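# Structural characterization, general
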Amino acid sequence: MERSFDATVFTKNRPRLLAHDAGRALFDEVVWAADAEGLLSDEHFSVDGTLIEAAASLKSFRPKEGPPPPSDDDPGNPSVDFRGERRRNETHAGTTDPEARLLRKGKGKEARLAFLGHALMENRHGLRMDFTVSQATGTADRGYDTRDCVRDMRARRVTPHVAQKKQHSVIDGRTTRHAGYAVSLRIRKRLEEVFGWMKTVGGLRCTRYRGVARTGLAGYLVATAYNLVRMANLPPEPEATAVASG
């Protein structure tokens, strides 16, 4: 019986994987395989984002200039007093992961050091078409019902089936009157289910890696694994049956 490979093999080869964008290449190969089997929609897609917690604590988020906040004398895990200090991405940076950014998902929500994951899903079978990781913007998620977003989508000849706000919505009857709009909103919920799988089963709720590139590599691998599992569980496509007449 052969011994299992040493975990450091992947660690030593990670720079090569990052340099050649191997995570995306593998992901694309699986997407192309799904397309070759006729599993992908070519018209209807959904897009959304999710928060990926950084492998860094708020204690490491220090002022870029001036003295650090007061703390006790514990060198391993000091207690830091942030009382009265306003922390922002413009004035502070993380010492553990400088690429992580402070992000608040909404009003009243706790701010965390995080990255953002962005996913594109085809609506036919819920397969991932693309996935990428970026730095957090620091602002709350305001949805896609914004004037600039809707205008840009229409300029690209994309029908904006975005969730409509109760007040001051820029989506009108040109979009909402069609039956396909309600269908798109229902299918879009699959994105949250996929994000749930990637975070719980795929371990992407909190990254174990530092930086956008390494977290992005892990994200592509998890997204690839999801597509493979999803493809394996899909029912077989019905074969065309020839009917003789005469």
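Values in this document were obtained by computation on a predicted structure and should not be read as measured data. (Residues numbered from 1 in each chain as written. Predicted model: local features only at pLDDT ≥ 70, side-chain atom pairs only at ≥ 80, totals over all residues. Heavy atoms only, no water.)

This paragraph deals with unusual backbone geometry. Of note in the backbone geometry, D21 takes a positive phi value of approximately 55° without being a glycine. Residue placement: D21 occurs in the loop between helix 1 (8-19) and helix 2 (22-36). Despite not being glycine, H168 has its phi angle at roughly 60°, a positive value. For H168, the location among the structural elements is in the loop between helix 3 (147-155) and helix 4 (173-176). (Helix = DSSP H or I, 4+ residues; strand = E, 2+ residues; numbered from the N terminus.)

Let us now look at the pairing of strand 5 (residues 112-122). Remark: a regular strand shows side chains that alternate across the two faces of the sheet. Burial analysis of strand 5 places 8 of its 11 residues in the buried class, the great majority of the element. Judged from the 9 bridges that link them, strand 1 (residues 45-53) and strand 5 form a sheet pairing that is antiparallel. From the neighbouring strand, L51 faces strand 5, where its bridge partner is L116. By the bridge criterion, 3 bridges tie strand 4 (residues 101-103) to strand 5 in an arrangement that is antiparallel. Across the sheet, the residue bridging to L102 is L113, located in strand 5. Note that strand 5 and strand 6 (residues 128-135) share 7 bridges and pair antiparallel. The partner of G117 across the bridge, within strand 6, is V133. (Buried < 20%, exposed > 50% of the residue type's maximum accessible area, 1.4 Å probe, protein only. Pairing = 2+ DSSP bridges.)

Mean pLDDT over the protein: 84, with 85% of residues reaching 70 or higher. Counting interchain partners and residues more than four positions distant, the pLDDT-below-50 stretch residues 240-246 has 0 contacts. (pLDDT = per-residue confidence, 0-100. Contact = heavy atoms within 4.5 Å.)

Once that is clear, we can look at the pattern of salt bridges. Summed over the entire model, instances satisfying the criterion amount to 8 salt bridges. Linking D152 and R151 is a salt bridge whose minimum nitrogen-to-oxygen distance equals 3.9 Å. Taken together, the salt bridges that share partners define one network made up of R24, D28 and D130. (Salt bridge = Lys/Arg side-chain N within 4 Å of Asp/Glu carboxyl O.)

This next bit is on the packing of aromatic side chains. Following the criterion strictly, the structure yields 2 aromatic pairs and no others. Each ring, one from F27 and one from Y220, has its centre 5.6 Å from the other, and the planes form 55°; the classification is tilted. A residue pair is termed long-range when its members are at least 10 positions apart, and F27 in helix 2 and Y220 in helix 7 (residues 212-233) qualify at 193 residues. For the residue pair F27 and Y220, the accessibility class agrees, reading buried in each case. For the ring pair W197 and Y226, a centre distance of 5.5 Å and an interplane angle of 70° mean the geometry is edge-to-face. Placement of W197 in helix 6 (residues 190-200) and of Y226 in helix 7 is noted, with a sequence separation of 29 residues between them. For W197, a relative accessible area of 22% corresponds to the partly exposed category. What makes Y226 buried here is its relative accessible area of 11%. Its end group placed over the ring of F195, R128 keeps NZ or CZ at 4.8 Å from the ring centre. (Phe/Tyr/Trp six-rings, centres within 6.5 Å; stacked < 30°, edge-to-face > 60°. Lys NZ or Arg CZ within 6 Å of the ring centre and 35° of its normal.)

All right, on to the packing of helix 2 against helix 7 then. The description of two helices packed together rests on the angle between their axes and the distance between the axes. For the pair helix 2 and helix 7, interaxial distance at closest approach is 8 Å and the crossing angle is 20°. As the angle between them shows, helix 2 and helix 7 are arranged roughly parallel. Here helix 2 runs over helix 7; the crossing is left-handed. For the pair helix 2 and helix 7, the contacting residues are G23, R24, L26, F27, V30, V31, A33 and A34 in the first and L217, Y220, L221, A223, T224, N227, L228 and M231 in the second. Classifying every residue of the contact of helix 2 with helix 7 gives 12 nonpolar, 3 polar and 1 charged. (Axes fitted to C-alpha atoms, helices over the stretch in contact; angles between N-to-C directions. Parallel < 35°, antiparallel > 145°, perpendicular 65-115°, else oblique. Left-handed = near helix turned anticlockwise from the far one by under 90°. Nonpolar A, V, L, I, M, F, W, Y, C, P; charged D, E, K, R; others polar.)

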